[in-house]
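Structural description and commentary
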Amino acid sequence: MRLLPVASGGPGRGCLRGLPVCSPAPLLLLLLSCCLGAPGLAASSRRPNVVLFLTDDQDEVLGGMTPLKKTKNLIGEMGMTFSSAYVPSALCCPSRASILTGKYPHNHHVVNNTLEGNCSSTSWQKTQEPNTFPAILRSMCGYQTFFAGKYLNEYGSLGAGGLEHVPLGWSYWYALEKNSKYYNYTLSINGKARKHGENYSVDYLTDVLANVSLDFLDYKSNFEPFFMMISTPAPHSPWTAAPQYQKTFQNVFAPRNKNFNIHGMNKHWLIRQAKTPMTNSSIQYLDNAFRKRWQTLLSVDDLVEKLIKRLEFTGELNNTYIFFTSDNGYHTGQFSLPIDKRQLYEFDIKVPLLVRGPGIKPNQTSKMLVANIDLGPTILDIAGYNLNKTQMDGMSLLPILSGSSNLTWRSDILVEYQGEGLNVTDPTCPSLSPGVSHCFPDCICEDAYNNTYACVRTISALWNLQYCEFDDQEMFVEVYNLTADPDQITNIAKSIDPELLGKMNYRLMMLQSCSGPTCRTPGVFDPGYRFDPRLMFSNHGSIRTRRFSKHPL
């Protein structure tokens, strides 16, 4: 299948409509002054290309990278692996919105996976899509931009433009309707629907994404740099592996780490409601899910290998930055929660991040604290765009990737989530009250309306700390010293130094109201940090507490 661009008439567009040669559009030449290429490149050098692989629900803590041997060899060993990479919200749509906008959820206003939570809503389309980093790459830097795979969970909804809607910023659009599937799905191809069935050779989505990505590399313009975002369904449910991989990992089980199948003592009530020990059927279910998740990732490994080999064959690999990451982590039995994400713990908020590209030395590991809000600023920095012109909360990773010395970096990030709960009782769990959701298996609920929390995740030279507050009647607080307790078993909120607790509370309030540069101010353990206890109090003398937004739109 030969790819066609979304529309003709923009900077450098129209190059694939049967034309053998395409010269740069005049407007594109004027835009080059805005995007002069990554620092350190010679003036005559062609601006780098960028490829972003994004998986769905792939954890880092529980061994999610283990099946991806080729990916680790081709990206991680040829570049840098980040050992402290996080998402600002452990759920698909808010996290993906953060990648695209470079913003924390309180600034892009996507709070969950529903239209009402701003996931691919008309409000998102009007206020955020015009300012995503792909939109800037295309309009201001003259990049060809290609998307294939899962976009946002509610993309394609009739109430938000249907599949005809193609977000601003994409030259080539090959997007999945709504949530991840492997067969029997519909794609929007530049705004036109195409249904797929269940024939492996032509319909298996991960392979379809590989093929259309290779097509793009064959038919794109050679006069302009390109950005590709390839967003796979794996390892999201329904965990349907390719036929050749369905018998792999038969002796693999979910890790029995220290927080597996134990009661979440001293934790938020939602964690405490999980039944311990788990039933045998729940354990069998999560073990099977864990195995199938790994099986689906083998096709992702093939996709990565195919694309990198094609870039090498066309001579473009050495001028291409390649990123590999996930939208959130996952858990399988931790604190007796069977399977899901959404929680504040490392297994749900920590993700893989591997990067290779020009000027990045091989076989490096960075312990710097990074988040997916940094991907947009990094890619724009690679393109040479002035980041001061954006409203992004994140930081460019380019200084880390290029090995800059004496680098001043952040020591904390914000994690925030707004819980989802149903106003009616779940008919499959009649004993449960309204207000909970995702109660499976065995009526163990993974979410609730007051599972609304915000955290400061801190990693500094001396501290490895997480401080979290819940928006509930208890005003519940969880604090973990991950140096002494990496599995986050013991909540030390009642035993930690009250002065430090006050500083973390204040820092959390500052981060939850930050925007752009104020999201990058010194953290509690940074030399430049300043704490004024008077700011902890309102004008009436009462202690200030963070107000969680109930109306994101």
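Going by the annotation in an unreviewed UniProt entry, the name recorded for the chain is N-acetylglucosamine-6-sulfatase, with Fukomys damarensis given as the source organism. The UniProt entry for the chain carries the following comment under Subcellular location (unreviewed entry): "Lysosome".

1. Some thoughts on the environment of proline 88
Along the polypeptide, proline 88 turns up in the loop between strand S3 (85-86) and helix H3 (92-101). Between the C-alpha atoms of proline 88 and cysteine 455, which are 367 residues apart in sequence, the distance is 9.2 Å. Once residues lying within four places of it in the same chain are set aside, the contact partners of proline 88 are Ser98, Tyr104, Pro105, Asn372, Ile373, Leu414, Val415 and Glu416.

2. What to know about the nonpolar core
Most often, soluble globular proteins have nonpolar side chains that are buried together. Among the nonpolar cores identified, the biggest contains 97 residues, and Phe82, Phe227, Met229 and Phe323 are the most heavily contacted of them. Among the elements that take part in this core, helix H14 (residues 498-512) stands out by supplying six residues, more than any other.

3. Some words on the pairing of strand S20 (residues 477-481)
The sheet contact formed by strand S19 (residues 464-470) and S20 spans five bridges and is antiparallel. Among the inter-strand pairings, cysteine 468 is bridged to a residue of S20, identified as glutamate 478. As consecutive antiparallel partners, S19 and S20 are separated by six residues, and within that stretch methionine 475 has a phi angle of approximately 50°, a positive value.

4. As for helix H2 (residues 69-76)
Note: α-helices contain 3.6 residues per turn, so residues at a spacing of three or four share the same orientation. Burial in H2 covers these residues: Thr71, Ile75 and Gly76. Buried residues of H2 fall within an arc of 80° about the axis and therefore sit on the same side. Buried residues along H2 sit in contact with strand S1 (49-55), strand S2 (80-82), helix H10 (280-313), strand S9 (320-326) and strand S12 (353-356).

5. Digging into the sheet that holds S19
What the four strands build is an open sheet, ordered S15-S18-S19-S20; its pairing is antiparallel. For this open sheet the edge positions go to strand S15 (412-417) and S20, each flanked by a neighbour on one side alone. For this sheet, the mean angle separating the axes of adjacent strands, direction not counted, is 15°.

6. Details of the packing of H2 against H10
Relative placement of two packed helices is described by the angle separating their axes and the distance separating the axes. Closest axis-to-axis distance for the H2/H10 pair is 8 Å, and the angle between their directions is 35°. H2 and H10 meet at a crossing whose hand is left-handed. Residue-level inspection shows Lys69, Lys70, Thr71, Leu74 and Ile75 of H2 in contact with H10, the latter providing Asp301, Asp302, Val304, Glu305 and Ile308. Residues of the contact of H2 with H10, tallied by class, amount to four nonpolar, one polar and five charged.

7. Considerations on the state of the cysteines
Two cysteines whose sulfur atoms are joined by a covalent bond form what is called a disulfide. Evaluation of the coordinates by the stated rule reveals six disulfides. Between cysteine 93 and cysteine 119 runs a disulfide, and the two sulfur atoms are separated by 2.1 Å. Its torsion about the S-S bond being 95°, the disulfide of cysteine 93 and cysteine 119 is classed as right-handed. Separated by 26 residues along the polypeptide, cysteine 93 in helix H3 and cysteine 119 in the loop between helix H4 (105-108) and helix H5 (122-127) bring together distant segments of the chain. Neither residue differs from the other here; cysteine 93 and cysteine 119 are each classed as buried. The disulfide that involves cysteine 514 links it to cysteine 519, with 2.0 Å between the sulfurs. Between cysteine 514 and cysteine 519, the S-S dihedral sits near 90°, and the bridge is therefore right-handed. Of the two residues, cysteine 514 and cysteine 519, both sit in the buried class. Of all cysteine sulfurs in the structure, the one in cysteine 93 sits closest to cysteine 92, which takes part in no disulfide; the separation is 8.1 Å.

8. Let's talk about the sheet that holds strand S8 (residues 226-231)
For sheets, the rule is that strands pair by backbone hydrogen bonds, running either parallel or antiparallel. Pairing is mixed in the open sheet, where ten strands are placed in the order S7-S6-S5-S4-S8-S1-S9-S12-S2-S13. Either end of the sheet is taken by a strand with one partner, and the two such strands are strand S7 (192-195) and strand S13 (364-366). The sheet shows a mean angle of 15° between the axes of neighbouring strands, direction not considered. As paired elements, S1 and S9 share seven bridges and run parallel to each other. Following the sheet pairing, valine 50 is matched in S9 by tyrosine 321. Contacts from H2 reach S1, S2, S9 and S12 within the one sheet, and its direction differs from that of S12 by about 45°.

9. Here we look at the packing of aromatic side chains
A full pass over the atoms with the stated rule returns 27 aromatic pairs. Each ring, one from tyrosine 417 and one from tyrosine 453, has its centre 5.8 Å from the other, and the planes form 40°; the classification is tilted. Separated by 36 residues along the polypeptide, tyrosine 417 in strand S15 and tyrosine 453 in strand S18 (residues 453-459) bring together distant segments of the chain. Taken together through their ring pairs, the aromatic side chains of Phe133, Phe147, Tyr151, Tyr155, Trp170, Trp173 and Phe227 make up a single cluster. Between the NZ or CZ atom of arginine 291 and the centre of the ring of phenylalanine 253, over which it lies, the distance is 5.4 Å.

10. Comments concerning the UniProt feature "modified residue: 3-oxoalanine (Cys)" (unreviewed entry) in the chain
Sites flagged by UniProt as "modified residue: 3-oxoalanine (Cys)" (unreviewed entry) map to Cys92. Relative to the helices and strands, cysteine 92 resides in helix H3. Among all residues touching cysteine 92, those that are not within four sequence positions of it are Asp56, Asp57, Asn113, Lys150, Asn153, His236, Asp327, Asn328 and Lys341.

11. What to know about the pattern of salt bridges
What the rule picks out here adds up to 19 salt bridges. Between arginine 342 and aspartate 340 there is a salt bridge whose closest N-O contact spans 2.7 Å. Here arginine 342 and aspartate 340 have matching classes, each one buried. Through salt bridges with shared partners, a single ionic network connects Asp56, Arg96, Lys150 and Asp327.

12. Digging into the environment of lysine 178
Looking at the element boundaries, lysine 178 is found in the loop between strand S5 (172-176) and strand S6 (186-189). Distance in space between the C-alpha atoms of lysine 178 and asparagine 153 is 4.6 Å, their sequence separation being 25 residues. With residues near it in sequence (within four places) discarded, lysine 178 still touches Lys150, Leu152, Asn153, Glu154, Tyr155 and Ser157.

What counts and what doesn't
- Here the residue numbers are simple positions, counted from 1 along each chain's written sequence.
- Predicted model: local features are reported for residues with pLDDT of at least 70 only, side-chain atom pairs are reported and counted for 80 or more only, and whole-chain, interface and lining totals are derived from all residues.
- Hydrogens and water are ignored here; the side-chain numbers use all heavy atoms of the structure.
- UniProt positions are given in the numbering used here, feature names are shortened, and annotations may be inferred rather than shown by experiment.
- We count a stretch as a helix when DSSP gives it H or I for four or more residues in a row; a strand needs E for two or more, and each element gets its number in order from the N terminus.
- Contacts: residue pairs with any heavy atoms within 4.5 Å of one another.
- Among buried residues, the Ala, Val, Leu, Ile, Met, Phe, Trp, Tyr and Cys ones that are joined through side-chain atoms within 4.5 Å form a nonpolar core.
- Residue exposure (1.4 Å probe, protein chains only): buried if accessible area is under 20% of the type maximum, exposed if over 50%, otherwise partly exposed.
- For two strands to be treated as a pair, DSSP must find no fewer than two bridges joining them.
- By construction, the arc corresponds to the directions joining the helix axis to the C-beta atoms.
- All axes here are fitted lines through C-alpha atoms, helices being fitted over the stretch that makes contact, and every angle between N-to-C directions spans 0 to 180 degrees.
- Here is the rule for handedness: rotate from the far helix to the near one, and if that takes an anticlockwise turn smaller than a right angle the crossing is left-handed, while a clockwise turn gives right-handed.
- Any residue outside Ala, Val, Leu, Ile, Met, Phe, Trp, Tyr, Cys, Pro, Asp, Glu, Lys and Arg is labelled polar, Gly included; the first ten of those are nonpolar and the last four are charged.
- A pair of cysteine sulfur atoms is labelled a disulfide when the two atoms are within 2.5 Å.
- When two rings of Phe, Tyr or Trp (its six-membered ring) have centres within 6.5 Å they constitute a pair, described as stacked for plane angles under 30 degrees, edge-to-face for angles over 60, and tilted for the intermediate range.
- Charge over a ring is defined by NZ of Lys or CZ of Arg lying within 6 Å of the ring centre and within 35 degrees of the ring normal.
- Salt bridges, as used here, are contacts in which a Lys or Arg side-chain nitrogen is within 4 Å of a carboxyl oxygen on Asp or Glu.

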